[in-house]
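The lines below spell out each chain.
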Amino acid sequence: MADSSQSAEAWTRVWLDAQKQFLGAWQQLSPAGGGFQTPGALPFSAGGTSLWGQALDQWSRMATLALPTETQDVAGRLAGLGRSYLQMGETFWHMLQQTQSAGVVTDWQALMNQGLEQLGKASSLGETPSDPWCGFATLWGLPVDTWKRIGVSLSPFPGELEKALRGGGVGETPGIPATLEHLLGLPPLGYTRELQEQVQEWTRLSLEYVRAVQAFTRLLAKVAQRALELMGERLTELSCQGESLGGLRAAYDLWIDCGEAAYAETLATPEFPALQAELVNALMRLKYHEQRMVEEVMTGLNMPTRQELDTSHKRVYELRRELRDLQASMQTMTSLDELRDQLEELRDKIGTTPRRVVPATGRSAKKTGVTRKMPARKKAPVKAAGRASTRRAKPKSRKG
Amino acid sequence: MIQTPLQPQRILDDALEFNRKLAAGLNSLSQLGEISVGASPKEAVYAEDKLVLYRYRPRVDRPAKTPLLIVYALVNRPYMADLQEDRSLIRGLLDSGEDVYLIDWGYPDAADRFLQLDDYINGYIHRCVDYVCKQHGMRRINLLGICQGGTFGLCYTALHPERVRNLITMVTPVDFHTANNTLGQWAQGLDVDLLVDTVGNVPGELLNWTFLSLKPFRLTGQKYADMADMLDDPKKLKNFLRMEKWIFDSPDQPGEVFRQFIKYFYQQNRLVTGGLEIGARPVSLQQITVPVLNIYATQDHLVPAESSIALGKHLGTSDYSTIAFQGGHIGIYVSGRAQKEIPPAIARWLQDRSS
C-alpha cells in the first residue's frame with residue numbers, strides 16, 4: 001500500500017510537471033496572453049498528432065501500473081475518457097483560434113460547421129476505412145470498442161489473426177472479397193478435400209462476420225455524424241441568441257446529450273436491431289465452425305474435447321434430475337404412509353377399526369406404492385384449487 | 001470580438017482542471033484500499049451447488065413473524081441490495097422489522113450449463129422456501145423478487161401458491177414486448193440456439209456489452225467525466241467504485257436457462273400471451289391469487305415501467321398494489337430517496353397483510 005502510494009505520487013509529479021509546460025505554451029496563445037497570433041501553431045499538436053493526448057496515453061499507461069490491481073481498470077477507463085475529452089478541447093480550441101486569430105472577425109458559424117465536419121471525418125470510417133474499430137469508436141468509446149474485445153475473447157484464434165483478416169485482407173482492398181468469394185466457390189479436391197472444405201467455410205464465415213462488423217460500425221458512424229449535426233444546431237442556436245455555453249465540460253455534456261439523442265433516433269429504426277443481431281449471430285456462426293475444427297484436431301490427438309465434456313455434464317445433470325424425481329416420489333409415498341397410519345390410529349381411537357374390511361390386503365398395498373400413490377396425486381390439485389377459490393371470494397379492494 | 005458560444009479561456013481552464021483532477025485522482029485511487037461490498041451481517045444457512053441461502057441478522061428485537069425471502073436475478077450479483085450501510089435495501093428492511101433471507105446464485109460454471117428454468121424455480125427456489133418454512137414452522141412465507149428474480153418469483157408463486165403468503169416484485173419485466181422495451185426488440189433477431197450451442201454458458205461480458213449499448217454515450221463516457229469530479233473525495237470515489245464493481249461483476253449465465261428465458265420471455269412473451277410451461281407444468285399469472293405489491297421505476301432503461309405495470313392486467317389476485325418510484329433501475333436500490341421510501345413502504349404493506 002505504502003509502495004503503491006509513493007509510486008503514484010511520483011507519477012503525479014511527472015504529470016503535473018508536464019502540465020505546467022503545456023499550460024505555459026497554451027497560455028501564450030490564449031487571448032489573455034496576447035495569443036491567437038499564429039494560427040495553426042498549436043502547442044499540443046504536431047503534424048496532426050495530439051502531443052497532449054500522446055503524453056496522457058504514455059503517462060496513464062505507466063502510472064496505472066502503480067495502482068492496486070482493483071483500481072487499475074477504472075484508472076484505464078478514466079484515462080481513456082481523458083483522451084477523448086482533451087481531443088475535444090483541442091478541436092474546439094482550434095476552431096476558436098481560427099475564428100479570432102489576428103484580431104480578424106470571422107464568421108463563427110461557418111468555421112464551426114467546418115470544424116464539426118472535420119471532427120466528423122476524423123471520427124468516422126472515412127479516415128481509415130480499412131479498420132472499423134478506428135476513428136469514431138476509439139475516439140468516443142462506443143460499443144464497437146467493447147465488442148472488439150468480446151469478439152477476440154470468444155474466438156479460439158489470436159486477436160492479431162482476426163485483425164489481419166479484417167484490416168489487411170478485406171477492408172483495404174475492396175476487390176479482395178470478390179476474389180475470395182470466387183476462390184471459395186472452387187470445389188475442393190484430393191486427399192485433403194475435407195480440410196479444404198473446412199477452411200473454405202471458415203473463410204466464408206469470417207467474411208460474413210467482417211461484413212457484419214462493418215455494417216454495424218457504419219451505422220454507428222452515422223450516429224456520430226448525426227450527433228455532430230445536432231451539436232452544431234444547438235451551438236448555432238446559442239450563438240444566435242447571444243448566449244454562452246461555457247467551457248469544455250459544458251461542451252462535452254452537450255456532445256453526450258446530442259450523442260444519446262442521435263443514438264435513440266437510430267435505435268428506433270428496424271435497421272439497428274437487425275444489424276446488431278447479425279453481428280452476434282455472424283460471430284457465433286464463425287466461432288461454432290472454429291470449435292468444430294479445433295475439436296477434430298483434438299480428437300486426432302486423443303485429447304478431451306468440449307463436446308465430450310458437455311456430454312458428461314449433460315448425463316450427470318440428467319441423472320441428478322432422475323434422482324431428485326425418485327426422491328420426491330419416495331417422499332410422497334412416505335407422507336402417504338404416515339397419513340394412512342394416522343388415519344388408522346384415529347379410527348382406532350373412535351372405535352371404527354373393526355369396520356375395516358381388508359387389514360391383510362392393506363399391508364400388501366403398502367408395499368406396492370404405485371397403486372396407493374396415484375389416487376392421492378390426483379386429489380392434490382383439487383385441494384389447492386379449493387383453497388384458492390375460498391381466498392378469492394373475500395372482498396378486497398384492488399389498489400393498483 | 002465575435003460572440004461565440006464557447007469561451008476560449010474556459011476551455012483552457014476546464015482542460016487543465018481535468019488534468020489536475022486526473023493526476024490528483026491517481027493518489028486517491030492508490031490509497032483507497034479494498035472496495036468492500038455488502039454492509040449487513042449475514043449467515044449462510046443453506047447451500048446447494050453454487051447457491052447459498054443467507055439469513056441477515058435482524059436489527060429489531062422482535063422481527064416480523066413471517067420471514068421475507070429475496071430472490072435476485074441471475075444477472076449481476078445480489079449485493080446491489082446491500083451495497084453499503086447508507087445504500088441498502090436490505091438494511092432498510094431489517095430496520096423496518098423484517099426477517100430477511102436472500103438467495104445468492106453464485107457464479108455458474110460449465111458444469112451448470114444444462115440447468116433449466118425448472119431447476120431454478122421448482123428446484124432451487126422451492127428448496128430454499130422449504131428450508132425457510134421449516135426453520136420458522138410455517139407453511140408460507142413472503143417472497144420479494146428483484147428484476148429477473150421477480151419474474152422467477154411470479155412463476156414460482158403461480159406454481160406453488162401454497163408456499164407464498166405475499167409476493168413483492170421490484171423492477172420486474174412482465175410484458176417483454178412493450179413498445180419501449182429495447183432489450184426485447186434486440187432479442188428478436190438473436191439466434192439464441194446458435195449462441196448457447198456455441199458458447200455454452202453465456203459470458204457475463206456479452207451481457208455487459210448489451211447493457212452498455214443501451215446508453216453508450218453516458219455509460220462509457222460521461223460517467224467517467226463525472227467520476228473525475230469526485231476524485232478528490234475518497235468517500236464519493238469509493239461509492240462510485242462500489243457501483244462500478246457491481247456493474248462489471250457479471251456471472252456467466254447457465255446456457256439452457258438463458259436459452260429458455262430469451263425464447264419464452266423475450267422472444268415469445270409467454271408470461272403475458274400464454275403457453276408458458278416450466279417443468280411440464282403450465283404457468284399462468286391468473287394462478288397468482290395471493291396479495292401482490294409491484295414496485296417499478298418510472299425512468300428504468302432496462303425494464304421499462306410499462307413492462308412491469310402490465311402485471312396488473314394479468315394477475316388472478318384481487319389484492320394488487322403498485323409503487324411508482326421516480327428514478328431508474330439502479331437508483332431504486334441505492335439512491336437516498338429510495339432508502340427513505342422503498343423499505344418502509346414494503347414493511348407497511350406486509351404488516352397490513354400480516355394478520
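Residues numbered from 1 in each chain as written. Chains lettered and ligands numbered in written order. Predicted model: local features only at pLDDT ≥ 70, side-chain atom pairs only at ≥ 80, totals over all residues.

> Which residues make up the overall build of chain A, and what values go with them?
Across its full length, chain A carries 14 helices and two strands. Looking at chain A as a whole, 25% of its 400 residues are labelled buried. Sequence-distant contacts, at least 24 apart, represent 65% of the contacts inside chain A between residues at least 6 apart. (Helix = DSSP H or I, 4+ residues; strand = E, 2+ residues; numbered from the N terminus. Buried ≥ 20, exposed ≤ 12 C-beta atoms within 10 Å, placed from the backbone. Contact = placed C-beta atoms within 7 Å.)

> Summarise the overall build of chain B; cite the residues concerned and give the values.
For chain B, the count of helices and strands is 15 helices and 10 strands. At 22 Å, chain B has a C-alpha radius of gyration in line with the 20 Å of a compact globule built from 355 residues. Seen through its principal axes, chain B has C-alpha atoms that stretch 75 × 50 × 40 Å. (Rg over C-alpha atoms; globule rule 2.2 N^0.38 Å.)

> Can you tell me about the confidence of the model for chain A, naming the residues and giving the values?
All names here are of chain A. Taken as a whole, chain A shows an average pLDDT of 68; of its residues, 48% reach a score of 70 or greater. For residues 29-49, every residue scores under 50 in pLDDT, and the model assigns this stretch 36 contacts once sequence neighbours within four places are set aside. In this model, residues 359-397 is a region of pLDDT below 50 whose contacts with residues beyond four sequence positions or in other chains number 18 contacts. (pLDDT = per-residue confidence, 0-100.)

> Requested: an account of the sheet that holds strand S6 (residues 164-170) of chain B, with residues and values cited.
Residue and element names in this part refer to chain B. Overall, mixed pairing links the eight strands, which are arranged S1-S2-S4-S3-S5-S6-S9-S10 in an open sheet. In this open sheet, the two strands that pair with only one neighbour each are strand S1 (42-48) and strand S10 (320-325). Within the sheet, the average angular offset between the axes of one strand and its neighbour, ignoring direction, is 20 degrees. When strand S2 (residues 51-56) meets strand S4 (residues 100-104), the two strands line up antiparallel, connected through four bridges. Opposite Tyr54, over in S4, you have Leu102 as the bridge partner. Sitting on the sheet, helix H4 (residues 148-159) touches strand S3 (68-71), strand S5 (141-146) and S6, and the angle it makes with S5 is about 145 degrees. Strand contacts of helix H15 (residues 336-352): S5, S6, strand S9 (292-297) and S10, with the helix running at about 175 degrees to S10, the strand carrying the most contacts. (Pairing = 2+ DSSP bridges. Axes fitted to C-alpha atoms, helices over the stretch in contact; angles between N-to-C directions.)

> Describe the pairing of S9(B), naming the residues involved and giving the relevant values.
Residue and element names in this part refer to chain B. Of all six residues in S9, six are buried, a share of seventy percent or more. Both S6 and S9 contribute to a ladder of four bridges, which runs parallel. Pairing of Thr169 across the sheet is with Asn294, part of S9. As paired elements, S9 and S10 share six bridges and run parallel to each other. Of the residues in S10, the one forming a bridge with Val292 is Tyr320.

> Just give me the short version of the environment of B:Leu285, but keep the residues and values in it.
All names here are of chain B. Within the secondary structure, Leu285 is located in the loop between strand S8 (281-282) and S9. On the basis of neighbour count, Leu285 is assigned to the buried category, with 23 C-beta atoms found within 10 Å. Along the primary structure Leu285 and Val272 are separated by 13 residues, whereas in three dimensions their C-alpha atoms are 7.9 Å apart. Among all residues touching Leu285, those that are not within four sequence positions of it are Leu154, Ala158, Leu271, His314, Leu315 and Gly316.

> Tell me about the packing of helix H3 (residues 117-136) of chain B against H4(B), residues and numbers included.
Residues and elements named next belong to chain B. Look at H3 against H4: their axes get within 10 Å of each other, and the N-to-C directions meet at 80 degrees. The orientation of H3 relative to H4 falls into the category roughly perpendicular. Between H3 and H4, the contacting residues are Tyr120, Ile121, Asn122 and Ile125 on the first element and Phe152, Cys155, Tyr156 and Leu159 on the second. Considering only residue class, the contact of H3 with H4 consists of seven nonpolar, one polar and no charged. (Parallel < 35°, antiparallel > 145°, perpendicular 65-115°, else oblique. Nonpolar A, V, L, I, M, F, W, Y, C, P; charged D, E, K, R; others polar.)

> Lay out the nonpolar core in plain terms, naming residues and giving numbers.
Counting 152 residues, the largest nonpolar core has B:Leu69 and B:Ile70 as its most contacted members. Two domains each put at least three residues into this core: domain 1 (1-106) and domain 2 (129-322) of chain A. Ignoring any residue separated from it by four or fewer positions in sequence, one finds B:Ile70 in contact with B:Ala81, B:Val100, B:Tyr101, B:Leu102, B:Ile103, B:Leu144 and B:Ile146. (Core = buried A, V, L, I, M, F, W, Y, C linked by C-beta atoms within 7 Å. Domains from an automatic or database assignment.)

> Please give an account of the packing of helix H11 (residues 271-300) of chain A against helix H6 (residues 192-199) of chain B that cites residues and values.
The contact between H11(A) and H6(B) brings their axes to 9 Å, and the two run at 40 degrees. One finds that H11(A) runs oblique with respect to H6(B). Where H11(A) crosses over H6(B), the two elements pack in a sense that is left-handed. The residues of H6(B) that touch H11(A), namely those facing A:Val280, A:Asn281, A:Met284, A:Arg285, A:Lys287, A:Tyr288 and A:Gln291, are B:Leu194, B:Leu195, B:Asp197 and B:Thr198. By residue class, the composition of the contact of H11(A) with H6(B) is five nonpolar, three polar and three charged. (Left-handed = near helix turned anticlockwise from the far one by under 90°.)

> Quick one: what's the story with H4(B), residue by residue and with numbers?
Residues and elements named next belong to chain B. Here H4 is 12 residues long and its end C-alpha atoms lie 17 Å apart, about the 16 Å a rise of 1.5 Å per residue gives. Counting buried residues along H4, 12 of its 12 residues qualify, which places the element largely inside the surrounding structure. Buried within H4 we find Gln148, Gly149, Gly150, Thr151, Phe152, Gly153, Leu154, Cys155, Tyr156, Thr157, Ala158 and Leu159. (Expected span 1.5 Å × (residues − 1).)

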